[in-house]
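Here's the letter readout for the chains.
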Amino acid sequence: AVNFNADIIHSTIALQGWLVMRNFANLAIVVSIIFIAVATIIGREEYNIRSFLARLIVMALLINFTFVISGLFVDASSVFTNFFKDKIIGGNAQLAFSETINSSLGIAQFLEPSESLSQNFANAVDKLANLYGAVKDLFFNTVFLLVAGVILANLAVLYLVRYFAIVTLLIIAPLAWILYAFPGLEHYSKQWWRTFLQWIVFLPVSMFFIYLGVISMINFNGGEVAAATKSVPAHDGFGAKHMNLLF
């Protein structure tokens with residue numbers, strides 16, 4: 001889902017949709033200029049024509065660059081996202097992002113029990129204390145992994161929603177920008193900017209907190225990001241496969 005968001009600006013759907021909306025916006029500009037000309041001829045000044053015309057000219061120039069300007073924000077978001085993503089994988093470009101999350105949370109080891117855990121249960125027949133400790137650890141590990149899994153799954157869904165939301169916002173950008181020139185419709189343009197910036201900021205901020213979580217888990221286990229990921233081989237089990245699907 002993270003890599004999915006890296007290709008937003010290169011989306012063919014976004015570009016083609018933006019071209020269509022840009023043509024509609026240019027048509028609206030032409031109609032507005034005709035309206036201004038007619039209002040000037042008949043002497044109707046209640047529309048504040050001078051202010052309207054100035055804003056219309058500025059927006060007429062800007063709407064042709066809305067895709068490029070919006071793309072700069074998307075690219076800036078990707079730069080910060082990749083920065084924290086690289087920190088998470090320890091600078092190893094060949095290491096999958098999901099493998100780092102997998103190793104830091106110990107999902108693969110939990111879903112594929114180690115010999116030490118099996119030995120604890122084997123010895124628990126004679127040592128009830130070991131049985132209690134093993135069951136307690138298993139319970140808390142299960143609760144922790146369920147909570148972490150729900151959070152990560154929700155993030156993965158939100159990353160997909162972000163992709164489609166930004167693509168949609170890029171498509172309607174020309175119309176949203178041109179509305180700023182029309183009296184009484186400026187709030188729609190401002191609402192577009194608020195929504196766009198919220199989705200732009202969401203990915204790098206969430207990646208930052210994932211980075212903090214990974215660092216905290218690895219420090220809790222007494223290791224480092226690179227060391228933890230190198231010490232855990234690639235897993236093909238249930239946990240690793242589903243982590244790869246999410247991220």
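A.B. asks: What am I meant to see in the overall build of the chain here?
C.D. replies: Each helix and strand counted, the chain has 11 helices and 0 strands in total. Beginning at the N terminus, the succession of helices and strands in the chain can be written as α-α-α-α-α-α-α-α-α-α-α. Within the chain, buried positions represent 36% of all 247 residues. Taking contacts inside the chain between residues at least 6 apart in sequence as the whole, the part at least 24 apart equals 80%. As presented, the chain carries roughly 14400 Å² of accessible surface, and 68% of it is formed by carbon and sulfur atoms.

A.B. asks: Just to check I follow, could you spell out the packing of aromatic side chains for this structure?
C.D. replies: For any two aromatic rings, the description comes down to two numbers: the centre-to-centre distance and the angle of the planes. If you walk through the whole model with that rule in mind, you get 15 aromatic pairs. Seen in terms of ring centroids, Phe83 and Phe84 are 5.2 Å apart; in terms of plane orientation they differ by 75°. Their pairing is edge-to-face. Residue classification places Phe83 among the partly exposed positions, given a relative accessible area of 46%. Note on Phe208 and Phe209: the rings are 5.4 Å apart at their centroids and 70° apart in plane angle, and the pair reads as edge-to-face. A residue is classified by how much of its surface remains accessible, and Phe208, at 30% relative accessible area, is partly exposed. What links up through ring pairs into an aromatic cluster is the set Phe73, Trp177, Trp192, Trp193 and Phe196. In this structure, Arg55 packs its charged tip against the face of Tyr180, placed 4.7 Å from the ring centre.

A.B. asks: Is there a simple way to explain the pattern of salt bridges in this structure?
C.D. replies: Pairing is possible between side chains of opposite charge, provided their charged atoms come close. On inspection of all chains with the given rule, the structure shows 1 salt bridge. With a closest N to O distance of 3.5 Å, Arg55 and Glu186 form a salt bridge. Here Arg55 is found in helix α3 (residues 49–62), whereas its partner Glu186 is found in helix α9 (residues 186–220), with 131 residues between them in sequence.

A.B. asks: Help me understand the side chain of Ser206, please; the structure alone is not making it clear to me.
C.D. replies: Assignment of secondary structure puts Ser206 in helix α9. Of note is the side chain of Ser206, whose polar atom sits 2.8 Å from the side chain of Tyr159. Leaving out residues up to four positions away in the same chain, Ser206 has contacts with Leu155 and Tyr159.

A.B. asks: Teacher, can you tell me more about a nonpolar patch on the surface here?
C.D. replies: A cluster of nonpolar side chains, namely Val30, Ile34, Val38, Ile41 and Ile42, defines an oily patch on the protein surface of about 500 Å² accessible area. You can see Ile42 is positioned in helix α2 (residues 12–42). Ile42 sits in the exposed class, given a relative accessible area of 53%.

The rules behind these values
- Residues numbered from 1 in each chain as written.
- Predicted model: local features only at pLDDT ≥ 70, side-chain atom pairs only at ≥ 80, totals over all residues.
- Heavy atoms only, no water.
- Helix = DSSP H or I, 4+ residues; strand = E, 2+ residues; numbered from the N terminus.
- Buried < 20%, exposed > 50% of the residue type's maximum accessible area, 1.4 Å probe, protein only.
- Contact = heavy atoms within 4.5 Å.
- Areas by Shrake-Rupley, 256 points an atom, 1.4 Å probe, with all protein chains shown as cover.
- Phe/Tyr/Trp six-rings, centres within 6.5 Å; stacked < 30°, edge-to-face > 60°.
- Lys NZ or Arg CZ within 6 Å of the ring centre and 35° of its normal.
- Salt bridge = Lys/Arg side-chain N within 4 Å of Asp/Glu carboxyl O.
- Polar contact = N/O pair within 3.5 Å; in protein donor to acceptor, adjacent residues only side chain to side chain.
- Patch = residues over 30% accessible without salt bridge, like charges linked within 9 Å, V, L, I, M, F, W, Y side chains within 5 Å.

Function-wise, these values are silent; they only describe arrangement.
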